[in-house]
Amino acid sequence: LSDVYVPACLPDSEKVRTDICDYYWEIQRFDREVGQILRVLEERGELEKTLVVITSDNGMPFPRAKATLYDLGVRMPLAIRWPAKVKGGRVVDDFVSLSDIAPTFLEAAGVEVPEEMTGRSLIALLLSGKSGTVEASRDRVFTAIERHAWCRPDGIGYPSRAIRTHRWLYIRNYESDRWPAGDPDFDSPHQGSYGDIDNGPTKTYMMQHKDDPNVAPLFQLGFGKRPAEELYDVINDPDQIRNLAGDSTFAEVKKKLRDQLEQYQRDTKDPRVEGKSPWERYPYYYKDYWKRAARSAD
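I will try to describe carefully the structure that is included in this document. Note that the coordinates shown come from a computational prediction; the quantities given were computed from them, not determined experimentally.

## Remarks on the side chain of D183
Tracing the backbone through its elements, the reader meets D183 in the loop between β5 (168-173) and α5 (201-208). Although D183 lies buried, it forms no salt bridge, and the closest oppositely charged side chain, R152, sits 4.5 Å away as judged by the N-O distance. Once residues lying within four places of it in the same chain are set aside, the contact partners of D183 are C151, R152, P153, S193 and Y194.

This is the structure in C-alpha cells:
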C-alpha cells in the first residue's frame, strides 16, 4: 500500500489505497491476457506483420475520474505495435485521440479514409523516425461528454467540452447548475446517488466521510457542482484541482483556449456552440436494461 500513488483529488487513506491496488490488479490481469493473445499470433507466425492496438475505456472508476474531462477521465493508455513496419525506441509527445484509430486502420489496410471522419490517421506518425514532436499540428486534443449514466431526472446529461494542450486544460460546462456526478437525491438504477460515479470503496468512503475536514474539500471536487468554466495549469497542477478560470492573471490564456475550442466546435458542426442540445431528446435504453435485470433477479 505504501507504494501507491494517490491522486490529489482523492483522500489518502488505507481504504482508498487498497481500492487503487485492486484496480491495478485488474490491469495486471488484462496485461497477462494480452500476453496470451500475442503468443497465439506468434505461434501462427503472424505477430511481426500484425498491427496490434491496445487501449482502454475512458477513465478509472473513481470520483473525479471516469465520466469527466479531467485527465483522470480522458487520458488513456495507448500501445501500438507493428514490428514489420514500425520501429520502437522512440518517445513521441504528439497528442492523439481514439478518433484517430479508425482512419489508422483504414490507411493500414489500403482503404480510402472518408472525408467526414474527424480523426487523423496515425500511420505517418508511426512510420516516422522522429522523437519528440513529429507533427506540429498535434499540439492539442479536444474532448467532450454529453451523458453517461441515468443519474438525473429524465436522464438529462452534463454537457461539457474541453481543450487540452501540453500546458493547459480548459473545460466549458454548459449546464453548471446541474450535478456533474449525478444528483445526490436521485436513485440511479445501478449506482445509487451520484450515479455518474461507479460504486466502489473510494466512493463509499468519501460519502461516509464527506464532513471530515480532510475529506470535505475533496468531496466537493468530486461530487459537487462546478462552474461554467474551468482552467488548469497541468504542469504545476497535474491532478487538476486548482481552478484558475476566475483568476484575472490567466484571463488571456482562458480567452485563447476558449476561442480555439469554439473554433473547433464550429469546424466540426457541434450544436452546443450554437446553443442547441439535440442529445437531450435522444432515447436512453440502458436504464431499461437495469429494470429488466432487477425484475429477473426478483
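## A few points about the pairing of β5
Counting buried positions along β5 yields 5 of 6 residues, so the element is predominantly enclosed. In sequence, strand β4 (residues 160-165) turns back onto β5 through a hairpin of 2 residues. Of the pairings in the sheet, the one linking β5 to strand β6 (residues 229-233) comprises 5 bridges and is antiparallel in character. Following the sheet pairing, W168 is matched in β6 by D233.

## Remarks on the pattern of salt bridges
Taken as a whole, this structure holds 19 salt bridges when the rule is applied. One salt bridge in this structure joins R140 and D139, with 3.0 Å as the shortest N-O distance. Looking at D139, the relative accessible area reads 29%, which means it is partly exposed. Between E146 and R272 there is a salt bridge, and its shortest N-O distance comes to 2.9 Å. Pair noted here: E146 is in the loop between β3 (140-145) and β4 and R272 is in the loop between α7 (251-267) and α8 (286-297), with a separation of 126 residues, a long-range link. Judged by relative accessible area, which is 14%, E146 ranks as buried. When its relative accessible area of 6% is taken as the criterion, R272 is described as buried. Via salt bridges that share partners, E146, R161, D270 and R272 belong to a single interconnected network.

## With respect to the packing of α5 against helix α6 (residues 216-223)
For the pair α5 and α6, interaxial distance at closest approach is 9 Å and the crossing angle is 125°. One finds that α5 runs oblique with respect to α6. The way α5 lies across α6 gives a crossing that is left-handed. For the pair α5 and α6, the contacting residues are K203, M206 and M207 in the first and L218, F219 and F223 in the second. In the contact of α5 with α6, the residues fall into 5 nonpolar, no polar and 1 charged.

## Some points on unusual backbone geometry
For R64, which is not a glycine, the phi torsion comes out positive at approximately 60°. Structurally, R64 can be placed in the loop between β1 (52-54) and α2 (71-74). Overall, the relative accessible area of 4% leaves R64 in the buried class. Notably, Y194 is not glycine yet its phi reads approximately 50°, a positive angle.

Rules used throughout
- Residues numbered from 1 in each chain as written.
- Predicted model: local features only at pLDDT ≥ 70, side-chain atom pairs only at ≥ 80, totals over all residues.
- Heavy atoms only, no water.
- Helix = DSSP H or I, 4+ residues; strand = E, 2+ residues; numbered from the N terminus.
- Buried < 20%, exposed > 50% of the residue type's maximum accessible area, 1.4 Å probe, protein only.
- Lys, Arg positive; Asp, Glu negative; His and termini not counted.
- Salt bridge = Lys/Arg side-chain N within 4 Å of Asp/Glu carboxyl O.
- Contact = heavy atoms within 4.5 Å.
- Pairing = 2+ DSSP bridges.
- Axes fitted to C-alpha atoms, helices over the stretch in contact; angles between N-to-C directions.
- Parallel < 35°, antiparallel > 145°, perpendicular 65-115°, else oblique.
- Left-handed = near helix turned anticlockwise from the far one by under 90°.
- Nonpolar A, V, L, I, M, F, W, Y, C, P; charged D, E, K, R; others polar.

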